[in-house]
Amino acid sequence: AQSVTQLDSQVPVFEEAPVELRCNYSSSVSVYLFWYVQYPNQGLQLLLKYLSGSTLVKGINGFEAEFNKSQTSFHLRKPSVHISDTAEYFCAVSGKAGNNFNKFYFGSGTKLNVKP
Amino acid sequence: ETGVTQSPTHLIKTRGQQVTLRCSSQSGHNTVSWYQQALGQGPQFIFQYYREEENGRGNFPPRFSGLQFPNYSSELNVNALELDDSALYLCASSTGSGTSRNEQFFGPGTRLTVL
């Protein structure tokens, strides 16, 4: 089975500052990794995903994440945040669970609060 | 292209009642997954349907059941509601089972409150 840990439940940051949201996972099999963003009263939107290849993945809205297999991490970064980035961010992992079925495991989320 | 839609937006029920939540998948998607997101937590996988058959299930009791229809729309049914069932229920559609690569497109969710 897989699991995801997001160590920071809340991250306050000032506008135009850099930010890193941490995500660690555990798995006994190869995994695919995702970051989703959830704005208030909305569903989840995919920011980026790691499937294979380059460990540095670029996503929408200027976000990027780096897959580190040895540290089992997939931290999300943005060099300069905007007020509009205020939202909750979820890290997710997916791996085969048999019968061609792939189950997504989500972390508990990190609330990013960008202050002016 | 129409995205994933869910109905109703909000719902209030009392303990012991039954509820049906509905999801319309994105055009061309034949797989739908349902998640429960309790307040302050990440989404928890309930089950997935692929071409009208249950294709996998999370750690939820049998009173959580579902259906997928030929047009790939879906229902989540919960019987004998409990207070802990209060949550945001998310539906996600994707193209094809068997590949984690496929992005799941999420609907806005249904907020269920059980009193």
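Cut-offs used in this document
Residues numbered from 1 in each chain as written. Chains lettered and ligands numbered in written order. Predicted model: local features only at pLDDT ≥ 70, side-chain atom pairs only at ≥ 80, totals over all residues. Heavy atoms only, no water. Disulfide = S-S within 2.5 Å. Helix = DSSP H or I, 4+ residues; strand = E, 2+ residues; numbered from the N terminus. Buried < 20%, exposed > 50% of the residue type's maximum accessible area, 1.4 Å probe, protein only. Salt bridge = Lys/Arg side-chain N within 4 Å of Asp/Glu carboxyl O. Pairing = 2+ DSSP bridges.

Caption draft 1: Representation of the state of the cysteines within the structure. All names here are of chain A. Overall, the coordinates contain two disulfides over all chains when judged by the stated rule. Paired through a disulfide, C23 and C91 show a sulfur-sulfur distance of 2.0 Å. The sign of the S-S torsion, about -65 degrees, decides the handedness of the disulfide formed by C23 and C91: left-handed. On the criterion of sequence distance, the pair formed by C23 in the loop between β3 (19–21) and β4 (24–26) and C91 in strand β10 (residues 87–96) is long-range, its members being 68 residues apart. In this structure, C23 and C91 share a single accessibility class: buried.

Caption draft 2: Spatial organisation of the pattern of salt bridges. Residue and element names in this part refer to chain B. In this structure the tally under the stated criterion is nine salt bridges over all chains. Its salt-bridge partner being E75, residue R22 comes within 3.6 Å of it at the nearest N-O pair. Of this pair, R22 sits in strand β3 (residues 19–24) while E75 is found in strand β8 (residues 74–78), placing the two residues 53 residues apart along the sequence. For E75, a relative accessible area of 14% translates into the label buried. A salt bridge links D85 to R63, with the shortest nitrogen-to-oxygen separation between them at 2.8 Å.

Caption draft 3: Quick look at the pairing of β8(B). Residue and element names in this part refer to chain B. Of all the five residues making up β8, five are buried; the element is thus mostly covered by neighbouring parts of the structure. Across the two faces of β8 the burial is the same, with S74, L76 and V78 and E75 and N77 all buried. In the sheet, β3 pairs with β8 via five bridges, with the strands oriented antiparallel. Note that in β8 the partner of L21 across the bridge is L76. Examined bridge by bridge, strand β7 (residues 64–68) and β8 share five bridges and lie antiparallel to one another. Opposite L67, over in β8, you have E75 as the bridge partner.

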